[in-house]
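# Structural overview for review
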Amino acid sequence: MTFDPSRLRPATRLVHGGVQRTQHGETAEALFLTSGYVYDDAEQAEATFTGKLDHYQYSRFANPTLTMLEQRLCLIEGAEDCRTTATGMAAVNAALLSHLKAGDRVVAARALFGSCHWIVSTLLPKFGIETEFVDGTDLGQWTRALSRPANLVLLESPSNPMLEMADLPAISAMAHAAGAIVVVDNVFATPLLQQPLKLGADVVVYSCTKHMDGQGRVLGGAVLGSKKWIADVLQPFIRNTGPALSPFNAWVLLKGIETLALRVNAASAAAAAIADFLAEQPGVNRVWYPTRSDHPQRDLAARQMTAGGTVVTFEVAGGKDGAFRIMNGFRLIAISNNLGDSKSLVTHPATTTHMRIGEAERARLGIADGVLRLSIGLEDPEDIKDDLRRALA
Ligand SMILES: *Cc1c(COP(=O)(O)O)cnc(C)c1O
């Protein structure tokens, strides 16, 4: 049985996309836990290496279980091609280092995941790459920074943890005029709620560790873009530097993605309701959630995203002490720096994920000492509310 996968509706793509059955006709995706491949004869090996024959060579280059995952991700994202990596950070690093060279210039939104911020602020300058940070929400700053030639723009939208939105079509147009490609870290939105390639971006990166596994088991990453960019720029870098994803982790991710829509839609609906609930609680100063009427960029969020996502950020009274008291009062919500899990998780960014960027940078990003980031899981939302109510009391 064969069908044209591009004609499948989105929910079906999550389950059937990329499936390649072996001669045994297995129902579930096969796990090819193999590092190498054998050839029928020496001529076949030669033909494989000269590129005349399409044959797997070595799992650092490609592996059938990874191919299934990569094709499924292409179908979900509407991308031409994809390479998976061992972690989300390996995906970001590969996308940046494969494209850039000494003398190049990178413009990035300041509100980046901690390790992405480190790559831009610390690693790239070591190799003679000029980097500049802008406020991702301020088109004036993007205009100024991109009035000079640039090679790459990196941003996250919604951002971690303050859920700031970047105007992807406007920034992409300016970036292209300056000669830069646009790389979007789309972890918070997931490919279900926002598709940056359709909004003008050139490359999308994921930490598959988050919603795609979504059950706290494996690390993984993905880079998606045009066939040409992946073949000419990314693939040689991945092949020769080796950030390959384990076939076992790829298999876990394939099974996780089958339920991605069910999980993300449920958690996102619960997060929207919990954001409204939190806004009414005594002791809560402010709530950030992309689709709420008090979000400073709610119109942009409505244009770019189909729902607000699974993370709610809020500020409690009493600064760090107030935040710690509330975290320590939770019985159901667990303290963890992870997100996108089936279990609800709370993080105090100022003392964990955003501790290393320093007080001045936190102040610029609006990460006050009373700010908590709440990743909503798959529990009954009423139980999450009960836990919040009890801890806030
Ligand atoms: C978690 C995360 C990463 C890094 O992914 P890992 O799989 O942990 O390496 C990058 N960007 C964002 C926005 C993330 O949330």
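Residues numbered from 1 in each chain as written. Predicted model: local features only at pLDDT ≥ 70, side-chain atom pairs only at ≥ 80, totals over all residues. Heavy atoms only, no water.

To continue, consider the packing of aromatic side chains. Enumeration over the complete set of coordinates arrives at three aromatic pairs. When the ring of Y58 is compared with that of F61, the centres are 5.8 Å apart and the planes differ by 75°; the resulting orientation is edge-to-face. The exposure class assigned to Y58 is partly exposed, which follows from its relative accessible area of 37%. Its end group placed over the ring of F61, R239 keeps NZ or CZ at 3.8 Å from the ring centre. (Phe/Tyr/Trp six-rings, centres within 6.5 Å; stacked < 30°, edge-to-face > 60°. Buried < 20%, exposed > 50% of the residue type's maximum accessible area, 1.4 Å probe, protein only. Lys NZ or Arg CZ within 6 Å of the ring centre and 35° of its normal.)

Turning our eyes to something else, we now look at the packing of helix α4 (residues 88-99) against helix α10 (residues 227-241). Closest axis-to-axis distance for the α4/α10 pair is 9 Å, and the angle between their directions is 110°. As the angle between them shows, α4 and α10 are arranged roughly perpendicular. The handedness of the crossing between α4 and α10 comes out as right-handed. Here A94, A95, L97, S98 and H99 of α4 lie close against α10, whose contacting residues are W229, V233, L234, F237 and I238. When grouped by side-chain class, the residues that make up the contact of α4 with α10 number eight nonpolar, two polar and no charged. (Axes fitted to C-alpha atoms, helices over the stretch in contact; angles between N-to-C directions. Helix = DSSP H or I, 4+ residues; strand = E, 2+ residues; numbered from the N terminus. Parallel < 35°, antiparallel > 145°, perpendicular 65-115°, else oblique. Left-handed = near helix turned anticlockwise from the far one by under 90°. Contact = heavy atoms within 4.5 Å. Nonpolar A, V, L, I, M, F, W, Y, C, P; charged D, E, K, R; others polar.)

We now examine the sheet that holds strand β12 (residues 371-375). Pairing is mixed in the open sheet, where five strands are placed in the order β8-β9-β12-β11-β10. Bordering the open sheet on either side are β8 (284-288) and β10 (334-335), each of which pairs with just one other strand. Strand direction decides the pairing type here: β8 and strand β9 (residues 311-316), joined by four bridges, are antiparallel. Each residue of the ladder has a partner; that of R286, found in β9, is E315. Where helix α12 (residues 260-279) meets the sheet, it contacts β8, β9 and β12, and its direction lies at approximately 10° from that of β9. (Pairing = 2+ DSSP bridges.)

We now examine the site of the ligand. Neighbouring the ligand are the residues T87, G88, M89, F113, E156, D185, V187, S207, T209, K210 and G220. G88 has a polar backbone atom sitting 2.9 Å from an oxygen atom of the ligand. Here an oxygen atom of the ligand sits 2.7 Å away from a polar atom, N or O, in the side chain of K210. Burial of the ligand by the protein amounts to 91% of the accessible area it has alone, namely 380 Å². Breaking the shell around the ligand down by element, the ones donating at least two residues are α4 and α9 (209-213). Residues that form the shell around the ligand fall into these classes: three nonpolar, five polar and three charged. (Near = heavy atom within 4 Å. Polar contact = N/O pair within 3.5 Å; in protein donor to acceptor, adjacent residues only side chain to side chain. Areas by Shrake-Rupley, 256 points an atom, 1.4 Å probe, with all protein chains shown as cover.)

With that settled, the discussion passes to the domain arrangement of the chain. Split by domain assignment, the chain resolves into domain 1 (5-257) and domain 2 (261-392). In this assembly, 35 residues from domain 1 lie in contact with 37 residues from domain 2. Counting the surface lost from both domain 1 and domain 2, the interface buries some 2,900 Å², and carbon and sulfur atoms represent 60% of this. The largest share of the area that domain 1 buries against domain 2 comes from M162, M165 and L193, three residues that together contribute 25% of it. Our count for the contact surface shared by domain 1 and domain 2 stands at two salt bridges. The salt bridge partner of D167 is R303, with a shortest N-O separation of 4.0 Å. Across the contact surface, domain 1 and domain 2 share 16 residue pairs in polar contact (both at pLDDT 80 or more). Where the side of domain 1 that touches domain 2 is concerned, the elements lending two or more residues are α7 (168-178), α8 (190-193), α9 and α11 (247-258). In terms of residues, the side of domain 1 that touches domain 2 owes the most to one element, α9, which gives four residues. (Domains from an automatic or database assignment. Buried area = accessible area lost by both parts, 1.4 Å probe. Salt bridge = Lys/Arg side-chain N within 4 Å of Asp/Glu carboxyl O.)

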